[in-house]
Amino acid sequence: MGTFDKLDEVLLKLTNHQLSLGESMHLLTQKIDELLNRVTLILSSSSSPTPPPSPSVPANNHRMKLDVPRFDGTEPLGWIFKINQFFEYHGTPKNERLTIVSFYMEGRALAWFQCILHEPFCPLPSFL
């Protein structure tokens, strides 16, 4: 096998690998879009805002302080449930929820979120 044959073989392998990566990126993009649609749907279909406190509740009665769960891209459905519970408990208005969510993202989830805010069709980071 000559040098050119070896180069052709390596080039063919690289081309096939690149095509495979492209397909994987496409599938990953579809899954992320599906998760984003689910988040949007869940955030937009949350129950109605909490009613004002009844007159029998003292004005200085504070709600319990809860820690907001951080999101790093793992276990998205569990995190969506927890953050929705947090928003419901605190009566967070729907129009503020996405902004608040961004404060509790980290790592690759934050990188992806920053990317889609600035470029709706941005390529996925290589670490996703």
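Description of the structure in this document. The structure displayed is predicted, hence computed values, not measured ones. (Residues numbered from 1 in each chain as written. Predicted model: local features only at pLDDT ≥ 70, side-chain atom pairs only at ≥ 80, totals over all residues. Heavy atoms only, no water.)

In this section: the nonpolar core. Inside soluble globular proteins, nonpolar side chains tend to come together where they are buried. The biggest cluster of nonpolar side chains holds 15 residues, and the ones touching the most others in it are Phe71, Trp79, Ile83, Phe86, Phe87, Val101 and Met105. With five residues, helix 2 (residues 76–90) is the largest single contributor of residues to this core. Residues contacting Phe87, with those up to four places away along its chain left out, are Leu43, Thr92, Arg97, Ile100 and Val101. (Core = buried A, V, L, I, M, F, W, Y, C linked by side-chain atoms within 4.5 Å. Buried < 20%, exposed > 50% of the residue type's maximum accessible area, 1.4 Å probe, protein only. Helix = DSSP H or I, 4+ residues; strand = E, 2+ residues; numbered from the N terminus. Contact = heavy atoms within 4.5 Å.)

Glancing now at the packing of helix 1 (residues 3–44) against helix 2. Closest axis-to-axis distance for the helix 1/helix 2 pair is 11 Å, and the angle between their directions is 20°. With respect to their mutual orientation, helix 1 and helix 2 come out roughly parallel. The hand of the helix 1/helix 2 crossing is right-handed. Facing helix 1, whose interface residues are Leu35, Arg38, Val39, Ile42 and Leu43, helix 2 presents Pro76, Leu77, Ile80, Asn84 and Phe87. For the contact of helix 1 with helix 2, the residue count by class is eight nonpolar, one polar and one charged. (Axes fitted to C-alpha atoms, helices over the stretch in contact; angles between N-to-C directions. Parallel < 35°, antiparallel > 145°, perpendicular 65-115°, else oblique. Left-handed = near helix turned anticlockwise from the far one by under 90°. Nonpolar A, V, L, I, M, F, W, Y, C, P; charged D, E, K, R; others polar.)

Attention now moves to the packing of aromatic side chains. Tallying each qualifying case throughout the model produces two aromatic pairs. Judged by centre distance (4.7 Å) and plane angle (25°), the ring pair of Phe71 and Trp79 falls under stacked. Both residues of the pair, Phe71 and Trp79, belong to the buried class. Centroid distance Phe86 to Phe87: 6.0 Å. Interplanar angle 65°. Geometry classified as edge-to-face. Judged by its relative accessible area of 14%, Phe86 falls in the buried class. (Phe/Tyr/Trp six-rings, centres within 6.5 Å; stacked < 30°, edge-to-face > 60°.)

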